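Now for the letters of each chain:
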Amino acid sequence: MDTRIDILREIITTGRALWEEHLVTSHGGNISVREKDTVYITNTGTKLGFLKEEDISAIPINADRSIYPRISSEWDVHKNIYLNTKARAIIHAHPPHTVALSLRLNRIEAMDYEGLLTFKSVEVIENHGERDLLIKSIVDVIRKDRIVVVKGHGTFAIGDSLEEALFLTSSLEFSSKIILTINQWK
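K.L.:
Which parts of the structure should I look at to understand the overall build of the protein?
P.N.:
Along the protein, the regular secondary structure elements total six helices and eight strands. Each of the 186 residues in the protein was classed as buried or not, and the buried ones make up 48%. For the protein, the accessible area works out to roughly 9400 Å², and carbon and sulfur atoms hold 52% of it. Mean positive and mean negative side-chain charge positions of the protein (23 and 26 charges, respectively) differ by 2 Å.

Rendered as C-alpha cells:
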C-alpha cells in the first residue's frame, strides 16, 4: 500500500465533499494531513471540489512558507495545530450558516440532537489583526474542542482522520442551519 497515494486520494475526496456540501467557496478553504514529519496540504487558491494531485504539496512539518510559496496561506495555522496537538488531519472551511452566526454570537450552542451529541457548543474567536495571537487562540480552543470558528471567516476542525474533521465541520454547519431556521420563526 502506498501511503502517499492514499493520503492524496483522501484529500481529493474530502475536498469534493466540502464543495458538494457547500462548506467552501470555489477557491476557499484548505485541507491537510500529517504523516510523521511530513504534511500534505492543499496549495493556495486551489478549487477543493476539483483537486488534482498536483494541487497538494508534501512539506516538512517545520517548513517555512516562504520556501514553499504555493502552499496554503493558512500554513502557519496548520503547522501550529500539528505542533501543539495530536491531530492527524485539519480542515479549514467557510460554512456560510456558521460564518453568519459567528457575526452575532460568541459561542454556537447546538439545539439539534446530532449537534448535542457531537460538540454541544463551539467557541467563536475574534480576529483582532494580530496573526500570532489569532493562531494561539485557534490552537488553545481546538486542543480541547476539536473545532473552532473564527468570527466572520470560517472553521478549523481537527481529527485523527479527514473523515472526523469533515464530520465536525458538516455537523456544525447543520446545527447552524437549524439555529437560523428557528430564529426565523421568532
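Here the narrative resumes.
K.L.:
Would you take a moment to explain the side chain of Ser-121 for this structure?
P.N.:
Tracing the chain through its elements places Ser-121 in strand 6 (residues 121-125). Within the local environment of Ser-121, its side chain forms a polar contact with the side chain of Arg-107, the two groups lying 2.8 Å apart. Sequence-distant contacts of Ser-121, that is, excluding residues within four places in its chain, are made with Arg-107, Ile-108 and Glu-109.

K.L.:
Honestly, helix 5 (residues 131-145) in this entry has me stumped. Any pointers?
P.N.:
Given 3.6 residues per turn, any residue in an α-helix points the same way as the ones three and four places further on. For helix 5, with 15 residues, the first-to-last C-alpha span of 21 Å sits near the 21 Å given by 1.5 Å per residue. Those residues of helix 5 lying buried are Leu-134, Ile-135, Ile-138, Val-139, Val-141 and Ile-142. Close packing links the buried residues of helix 5 with helix 2 (75-84), strand 6, strand 7 (147-150) and strand 8 (154-159). One or two positions beyond helix 5, positive phi appears at Arg-146, with a value near 70°.

K.L.:
I tried to follow the packing of helix 1 (residues 3-20) against helix 6 (residues 162-184) on my own but got confused; where do I start?
P.N.:
Packed helices, taken two at a time, are described by their axes: the angle between them and the distance between them. Between helix 1 and helix 6, the shortest axis-to-axis distance is 10 Å and the interhelical angle comes to 10°. In terms of axis orientation, helix 1 runs roughly parallel to helix 6. Residues Glu-10, Ile-11, Thr-14, Ala-17 and Leu-18 of helix 1 form the contact with helix 6, whose own contacting residues are Leu-162, Glu-163 and Leu-166. Here the residues of the contact of helix 1 with helix 6 are counted per class, giving five nonpolar, one polar and two charged.

K.L.:
What am I meant to see in the nonpolar core here?
P.N.:
Most often, soluble globular proteins keep nonpolar side chains buried together rather than apart. Of all hydrophobic cores here, the largest spans 31 residues; its most connected members are Ile-11, Leu-18, Ile-31, Ile-91, Ile-108, Leu-162 and Leu-172. Counting residues per element, the ones that place at least two in this core are helix 1, strand 1 (30-35), strand 4 (89-93), strand 6, strand 7 and helix 6. In terms of residue count, helix 6 provides more of this core than any other element does, six residues in total. Those residues within four positions of Leu-172 in sequence are excluded, and the remaining contacts are Thr-98, Ile-108, Phe-119, Val-122, Ile-147, Val-149 and Thr-155.

How each quantity is defined
- Residues numbered from 1 in each chain as written.
- Predicted model: local features only at pLDDT ≥ 70, side-chain atom pairs only at ≥ 80, totals over all residues.
- Heavy atoms only, no water.
- Helix = DSSP H or I, 4+ residues; strand = E, 2+ residues; numbered from the N terminus.
- Buried < 20%, exposed > 50% of the residue type's maximum accessible area, 1.4 Å probe, protein only.
- Areas by Shrake-Rupley, 256 points an atom, 1.4 Å probe, with all protein chains shown as cover.
- Lys, Arg positive; Asp, Glu negative; His and termini not counted.
- Charge placed at Lys NZ, Arg CZ, Asp CG, Glu CD.
- Polar contact = N/O pair within 3.5 Å; in protein donor to acceptor, adjacent residues only side chain to side chain.
- Contact = heavy atoms within 4.5 Å.
- Expected span 1.5 Å × (residues − 1).
- Axes fitted to C-alpha atoms, helices over the stretch in contact; angles between N-to-C directions.
- Parallel < 35°, antiparallel > 145°, perpendicular 65-115°, else oblique.
- Nonpolar A, V, L, I, M, F, W, Y, C, P; charged D, E, K, R; others polar.
- Core = buried A, V, L, I, M, F, W, Y, C linked by side-chain atoms within 4.5 Å.

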